[in-house]
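Structural overview for review
The lines below spell out each chain.
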Amino acid sequence: MKKLFVLFGFFISTMALAQPKPKPAMTWKDVMTWKAIPGFGGTQLSPDGQWYAYVLSTYESDAELIIQKTSDSTKYVYPIGAPSFAQMSFSDNSKWIAFKVFAKDKDKKAAAKPGGKPIPDKVFLIELASNKKTEFDRVKSFAFNGEKVTHLALLLTPAGGGAPAGPPSGGGASDAAKGSDLLLFDLATSKTQNVGNVSEMAFDKSGNWLALTIDANEKAGNGVQLRNMNTGVTMTMDNDKARYQSLNWTEKGDALALLKSTKDEKYKNERVGVLGIKNFGAMPELTTYEPKTDSVNFPKDMTVSPNRSPYWSEDLTRLFFGVHKLELAKKEDKKPAEAKKDTTKKLSDVEKLAKIKADTTLKTIEDLQKALAKIKADTTKSAVAAKPDDAEKPEVTVWHWQDKRLQSRQQIMEMQDKNQSYLSMYDVAAKKFVQLADSTVKNVSVVPKQLYALGNDNTNYELEGSLDGQSYVDIYLVDLKTGKREKIREKHYLPNFWSGPQTSPDGTKFLYWEGTHYFLYDMVNKTSRNLTQDIKTSFVDVEDDHNQKTPPQGLVGWSSDSKAVLLSDGWDIWQVPTDLKDAKGKALTAFNLTQNGKRDRIRYEQRFQLDPEEKGIDLKKPIYVRIYGEWTKKSGLARIENGKTLAVKPLIWEDAYVGSLTKAKKADVFVFAKETFTKPRQYFVSNNIELASEKQLTKNAPQFDKYAWSAGTRLIDYVSDKGDTLQGALFLPAGYEQGKKYPTIVYYYEKLSQTLHNFVNPGYSGTGWNPAIYTSNGYAVFIPDIVYKLNDPGMSAVWCVLPGVKAAIKTGVIDETRIGIHGHSWGGYQTSFLITQTNMFKAAAAGAPLTDMISMYNLIYKNSGTSNGQIFEGSQGRLVAPWENWDAYHRNSPIYHVTKVQTPLLLLHNDADGAVDFTQGVEFYTALRRLKKPVVMMQYKGENHGLAKQPNRKDYSVRMMEFFDAQLKDKPVPEWWSKGVPRLDLEKHLEKRIFED
């Protein structure tokens, strides 16, 4: 029997040894080395679809570029330093890739210290077939020569390492030369040619021509040059003691426009003219327009603006550019006449005091005080007399009740207003200048084909809009043949982006929104008609719960032939004809392209523009769209065939987030992304138009398998206290065991249940929140949806969040005695309000919260300079003006219910918050403190609405988790929470935390 027990014990111990070792939770320290593909600009597919490049970057160490073949396992890996964002480019023939290599993170930090010097970037050129590398130092920018692919052009930074100096703000120009060396590297021979003093370079689309602007010391030899890349011949098209800038080729590459600036001592800013080059041949044709020589049509006190790039009309008959005011140079102040020298000896204050002390007539304290006061008065009087007149001017701002824009808004917009440019054109054949925009109608945009332009002006409605958040404009039609402008829509309502004019590819029509319908305006005939009145669906965005009147769903796009528009009703995509009848006289009607969206609760929500150069949607070709299950949270990709037989075919449909579809320029090679909350985003390739036979390309988040991650997700259905059917996303903790309850963080921001399948890279956010880190460390995370009722933004959270949490508790995952809540900004407001209405939560963290809706209404949104009132009435606040419903403001303000708070609160509010004023956090903190409620407010000096500086992000992320760990996991309470940090001990406290971190 004893032997049997020994064998049994041996068996058990062997089994224990065989069990895999639990993976560690991811700590905040681990975040620093986490590698992942950045969300923007981190991937690229070669034109032939045979190569895929992607970046893996980290927080404070160096990134690498992976160049992966799509058809096999060939892979090249290159360190690229610490980029702000990746810069890479495949050649048009897919034989080469060039990319920037940046300074290493440690070298960047050293260079940023006092006395440090900037470290210029490098460029690596890789021949893909052989992996042959060529390096180039001190590169500012680079480009292959278009479709020709014979050369790589590299514009270098000056030898000192810094980038060439740009023009100062205000439209002036620096005298310093901006030119540097340009290297032309021959891809076939590996020979390099150097061109000096180049400030800008640009290839045409074909790559046959290279345009250069020359900017040398003292403007010697400045000009614009064209290099024929076939013959190597360079032509100087114009040269002068001037500054040449803003090279801009047409899309086809058949013409070039640029600006030419010259100094005029009478003005602060330069006089600017426009150059146009076309008819490329033995000697291209140069067009020059100099405003100072046009005294008939061009405004006397203006010049061409350097702040807007010029461009050609599609038919190459007109040049478009901006014009702005010339600012007179100030005359030098005359030197004041020298004051007559005072020959009398002036006593110093010390001497005066000594004289007073020796004065025997000063018998009393009062006598002494009078003498000292006289010395002070005499000193002040002398100082004032010595000040120049300018010092006497008051620093004042006059706020008037009829200001169309608040003075704070005017201050934010001051430089933009000073640099305001008005769209204009020059008719080359007629040699005539026409100003299209002016101070009356400032905003004018040329529509496709350049037959017409559309202007909008909110002058009559700007004041009212700044008060109530409702936006209106007058719309103008400009005939570009004559320059004539007329108002065609008065007080046009703009509840969202889609309600403004959406022009057709042929430039003859535009779509606009009025009431509950889309209308079509014919710019040729100047007629308008209701386009959607007979369609048996609604295009109103009924789920938009802001205080806006009937906002529309989005326009999917115009057809390339301008004979139809594709509209979304929020579920399906409708093809709506813009003509009443076809060529045979048959009546045309709208039809549902996708058919099953509303029926099956599937949203056809995004069309992928696979050809970046398309001009409208070619309805003869398949249309690829992203699909999303509103109640299942599934997503995928579908293809719409719109030929003789209408058909919609789902290609991918999974319990995942699927999207980011791209296509190779010259092949049917597609790349798309998939992710779940428990699996990082990866990119997949398919050589099939049905996206079949997918192959994983990337190895994103290579350290993923080292750590413990969430065990999965659950979708929670519930009903709000007001009867709304809602959902919440429940993320399980790492190592989840059925039947065991876990501490939970509830997070929210309006509607976020659609993030059920979104992978979140571990990182330091500007709010301290990262669900992946929390689930890795044993927390469950629940994200419920909130929908809003007008005049009850706070109560809406109560009506939605609490039922959602109760429904989630029924899963058995959540420990109802250990629930914390967190939100930032609008979510911070919800958090601050919820703890005044319930004791369900054991701990709360609120970032940048609104706490007093009455005082907040009347404060300034400093980031934009606008009034919070317009946000309250027309946007997120979802309230009427306070004097129309004082009770709504009172019952939805956390500050007025502060006595009910029993939940420990960690507040984050920064002193430079330009969205939610710092006083909002201070109000709530001081009220809670007065009531002796447990509250700590973290204030990071100089930070705005969210934390931007990395040390601050690290610090708050760690503190917030320490707070929740202490409150919800019974871990040791951090001293900064239990005792605070006296000002005199702050440095020592921070040094200790940095050392520990």
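Fair warning: this is a prediction, and the values are worked out from it, not measured in the lab.

1. Overview of the overall build of the protein chain
- Secondary structure summary: the protein chain contains 18 helices and 54 strands in total.
- Within the protein chain, the proportion of its 997 residues that are buried is 50%.
- Long-range contacts, defined here as pairs at least 24 residues apart, represent 56% of the contacts in the protein chain between residues at least 6 apart.
- Of the roughly 49200 Å² of accessible surface on the protein chain, a fraction of 52% belongs to carbon and sulfur atoms.

2. Points about the sheet that holds strand 50 (residues 843-847)
- Taken together, eight strands build an open sheet; the order of strands is 45-46-48-47-49-50-53-54 and the sheet is mixed. With one partner strand each, in any of the chains shown, strand 45 (713-719) and strand 54 (935-938) form the two edges of the open sheet. Between one strand and the next, the sheet's axes are offset by a mean angle of 20°, whatever the strand orientation.
- Relative to strand 45, helix 10 (residues 793-809) is tilted by about 130°, and along the sheet it contacts strand 45, strand 46 (725-731), strand 47 (742-747), strand 48 (780-784) and strand 49 (814-824).
- Those strands touched by helix 11 (residues 826-834) are strand 49 and strand 50, and its axis lies near 135° from that of strand 49.

3. Observations regarding helix 11
- Where burial is concerned, most of helix 11 is hidden: nine out of the nine residues are buried.
- Where helix 11 is buried, its residues meet helix 10, strand 49, strand 50, helix 12 (853-857), helix 14 (886-891) and helix 15 (918-930).

4. So, the pattern of salt bridges
- By the definition in use, this model includes 54 salt bridges.
- The residue K487 makes a salt bridge to E490 at a minimum N-O spacing of 4.0 Å.
- Judged by its relative accessible area of 37%, K487 falls in the partly exposed class.
- For E605, the salt bridge goes to R626, with nearest N and O atoms at 2.2 Å. Placement of E605 in strand 37 (residues 602-607) and of R626 in strand 38 (residues 623-629) is noted, with a sequence separation of 21 residues between them.
- We classify R626 as buried; its relative accessible area is 4%.

5. Details of the packing of aromatic side chains
- Counted under the stated rule, the structure contains 49 aromatic pairs.
- Each ring, one from Y289 and one from F433, has its centre 5.9 Å from the other, and the planes form 5°; the classification is stacked. With Y289 in strand 19 (residues 285-289) and F433 in strand 24 (residues 432-435), this pair connects stretches of sequence that are 144 residues apart. The exposure classification of Y289 matches that of F433, with both residues buried.
- Members of the aromatic cluster, joined through ring pairs, are Y747, W769, Y774, Y779, F963, F964, W976 and W977.
- Note that K674 overlies the ring of F684, its terminal NZ or CZ placed 4.8 Å from the centroid.
- Sitting over the ring of W799, K722 keeps its end group 4.4 Å from the ring centre.

6. Re the environment of Y624
- Summarising the element assignment, Y624 is placed in strand 38.
- Judged by its relative accessible area of 6%, Y624 is buried.
- Through-space distance from the C-alpha of Y624 to that of V648 is 9.8 Å; in sequence the pair is 24 residues apart.
- If near-sequence neighbours (up to four positions away) are discounted, Y624 is found in contact with Q606, R607, F608, L610, A638, R639, L651, L661, F670 and I689.
- A polar contact of 2.6 Å, which involves the side chain of Y624, links it to the backbone oxygen of I689.

7. Side note on the nonpolar core
- V746, V801, F841 and L905 are the most contacted members of the largest nonpolar core, which totals 58 residues.
- Residue contributions to this core peak at 10 residues, all from helix 10.
- M32, Y747, L947 and W977 belong to the second-largest nonpolar core, a separate cluster that totals 43 residues.

8. Thoughts on the packing of helix 10 against helix 11
- Where helix 10 meets helix 11, the closest approach of the two axes is 9 Å, and the angle between their N-to-C directions is 75°. By the criterion of interaxial angle, the relationship of helix 10 to helix 11 is roughly perpendicular. For the pair formed by helix 10 and helix 11, the contact residues are P793, G794, M795, A797, V798, V801 and L802 on the first element and W826, Y829, Q830, F833 and L834 on the second.
- Considering only residue class, the contact of helix 10 with helix 11 consists of 10 nonpolar, two polar and no charged.

9. Examining the pairing of strand 22 (residues 318-325)
- Burial within strand 22 is extensive, with seven of its eight residues counted as buried.
- For strand 20 (residues 302-304) and strand 22, the ladder comprises three bridges, and the chain directions are antiparallel. From the neighbouring strand, T303 faces strand 22, where its bridge partner is H324.
- Linking strand 21 (residues 311-312) to strand 22, which pair antiparallel, is a turn of five residues; within it L316 sits at a positive phi near 60°.
- Relative to strand 23 (residues 422-427), strand 22 runs antiparallel, the two being bridged by six bridges. Pairing of R318 across the sheet is with D427, part of strand 23.

10. Some remarks on the confidence of the model for the protein chain
- A residue-level look at the protein chain finds 90% of positions with pLDDT of 70 or above and a mean pLDDT of 91.
- In the predicted structure, residues 10-16 sits below a pLDDT of 50 and forms zero contacts with residues beyond four places in sequence or in another chain.
- Per-residue pLDDT stays below 50 along residues 333-345; that stretch engages in one contact with residues further than four places along the chain or on separate chains.

Scoring rules and cut-offs
Residues numbered from 1 in each chain as written. Predicted model: local features only at pLDDT ≥ 70, side-chain atom pairs only at ≥ 80, totals over all residues. Heavy atoms only, no water. Helix = DSSP H or I, 4+ residues; strand = E, 2+ residues; numbered from the N terminus. Buried < 20%, exposed > 50% of the residue type's maximum accessible area, 1.4 Å probe, protein only. Contact = heavy atoms within 4.5 Å. Areas by Shrake-Rupley, 256 points an atom, 1.4 Å probe, with all protein chains shown as cover. Pairing = 2+ DSSP bridges. Axes fitted to C-alpha atoms, helices over the stretch in contact; angles between N-to-C directions. Salt bridge = Lys/Arg side-chain N within 4 Å of Asp/Glu carboxyl O. Phe/Tyr/Trp six-rings, centres within 6.5 Å; stacked < 30°, edge-to-face > 60°. Lys NZ or Arg CZ within 6 Å of the ring centre and 35° of its normal. Polar contact = N/O pair within 3.5 Å; in protein donor to acceptor, adjacent residues only side chain to side chain. Core = buried A, V, L, I, M, F, W, Y, C linked by side-chain atoms within 4.5 Å. Parallel < 35°, antiparallel > 145°, perpendicular 65-115°, else oblique. Nonpolar A, V, L, I, M, F, W, Y, C, P; charged D, E, K, R; others polar. pLDDT = per-residue confidence, 0-100.

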